[in-house]
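Architecture at a glance
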Amino acid sequence: MNIKKIANITLQFIIQRLIEIIGLSIAIIGILLLLSFISYNPSDPNFIFPDNTEIKNILGFKGSYISDLFFQSVGFISYLISFTFIFTGVNVFKSKNLFLIIENNFFMILYSVFGSLFLSYFYENAFTLYINGNGGFIGNYLSANFLSNLINLNTTIAYYFLIILTLGLFLISINFN
């Protein structure tokens, strides 16, 4: 019996199971984020208006705060973020590659920036996100700076360019083949 071989096989087994647990955890976080986003209600208590009202979010108090944080920061792009977490978790579970987490988060940050800029500049009127609008405060900040001057050069091209860029980066972030 070779103890070194048994220890190596055991170590590989443990590492593979830990990677699977990490992948499942990321997918579950994505599902919970999606549930909190779907059940978001602006009248729930949040960072800006901490009222003692009835919480309508499925995940309760924490879901209300998390969904409000995401919606107020990047706007409706938050839905895509939850899908990225779900697909990242599934892909990490299947491929056993932890580098996917870093890679997908990089592309998630990129499409969040461009998507919130797009929503804030072209669709600034919001019905449910009445504090920072559809693009959140990140989109408002970006559209108030020099990027709005670039968009103003040719709004039609900028409109389609930002849509294609956001969707392309989203598809890259979910490892779409």
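Residues numbered from 1 in each chain as written. Predicted model: local features only at pLDDT ≥ 70, side-chain atom pairs only at ≥ 80, totals over all residues. Heavy atoms only, no water.

1. Remarks on the pattern of salt bridges
- Under the counting rule described, the total for this entry stands at two salt bridges.
- With a closest N to O distance of 3.0 Å, Glu20 and Arg17 form a salt bridge. Residue Glu20 and its partner Arg17 are both found in helix α1 (residues 3-38); the two are separated by three residues, about one turn of the helix.
- Residue classification places Glu20 among the buried positions, given a relative accessible area of 15%.
- A cluster of three or more residues bridged by salt bridges with shared partners is formed by Arg17, Glu20 and Lys96. (Salt bridge = Lys/Arg side-chain N within 4 Å of Asp/Glu carboxyl O. Helix = DSSP H or I, 4+ residues; strand = E, 2+ residues; numbered from the N terminus. Buried < 20%, exposed > 50% of the residue type's maximum accessible area, 1.4 Å probe, protein only.)

2. Considerations on helix α3 (residues 78-95)
- The terminal C-alpha atoms of α3, which comprises 18 residues, lie 25 Å apart, in line with the 26 Å expected from a rise of 1.5 Å per residue.
- In this fold, the buried residues of α3 make contact with α1, α2 (60-74), α4 (99-122) and α7 (155-173).
- The positive-phi residue at the C-terminal boundary of α3 is Lys96, with phi of around 60°. (Expected span 1.5 Å × (residues − 1). Contact = heavy atoms within 4.5 Å.)

3. Remarks on a nonpolar patch on the surface
- A cluster of nonpolar residues, Leu24, Ile28, Ile31, Leu32, Leu35, Ile58, Leu59 and Phe93, forms a patch on the protein surface that exposes about 670 Å² of accessible area.
- Top contributing element to the nonpolar patch by residue count: α1, with five residues.
- Structurally, the position occupied by Ile58 is in the loop between α1 and α2.
- On the accessibility criterion, Ile58 (56% relative accessible area) is exposed. (Patch = residues over 30% accessible without salt bridge, like charges linked within 9 Å, V, L, I, M, F, W, Y side chains within 5 Å. Areas by Shrake-Rupley, 256 points an atom, 1.4 Å probe, with all protein chains shown as cover.)

4. Points about unusual backbone geometry
- Of note in the backbone geometry, Lys96 takes a positive phi value of approximately 60° without being a glycine.
- Looking at Lys96, the relative accessible area reads 24%, which means it is partly exposed.
- Phi is positive for Asn175, which is not a glycine, with a value near 55°.
- Relative to the elements of secondary structure, Asn175 occurs in the segment after α7.

5. Observations concerning the nonpolar core
- Core analysis: the largest hydrophobic core is formed by 23 residues, its most contacted members being Ile81, Phe85 and Tyr111.
- The set of elements that each furnish at least two residues to this core consists of α1, α2, α3, α4 and α7.
- It is α4 that contributes the most residues to this core, six residues altogether. (Core = buried A, V, L, I, M, F, W, Y, C linked by side-chain atoms within 4.5 Å.)

6. Some thoughts on the packing of aromatic side chains
- The tally for this structure, following the rule as stated, stands at 17 aromatic pairs.
- Where Phe76 meets Tyr79, the ring centres are 6.4 Å apart and the plane angle is 10°; that geometry is what we call stacked.
- Accessibility expressed as a relative area gives 29% for Phe76, which makes it partly exposed.
- For the pair Phe118 and Tyr123, a centre-to-centre distance of 5.7 Å together with 65° between the ring planes defines the contact as edge-to-face.
- Note on Phe118: relative accessible area 10%, which makes it buried.
- Using a relative accessible area of 39% as the deciding quantity, one classes Tyr123 as partly exposed.
- Taken together, the aromatic side chains of Phe37, Tyr40, Phe70, Phe71, Phe76 and Tyr79 make up a single cluster linked through ring pairs. (Phe/Tyr/Trp six-rings, centres within 6.5 Å; stacked < 30°, edge-to-face > 60°.)

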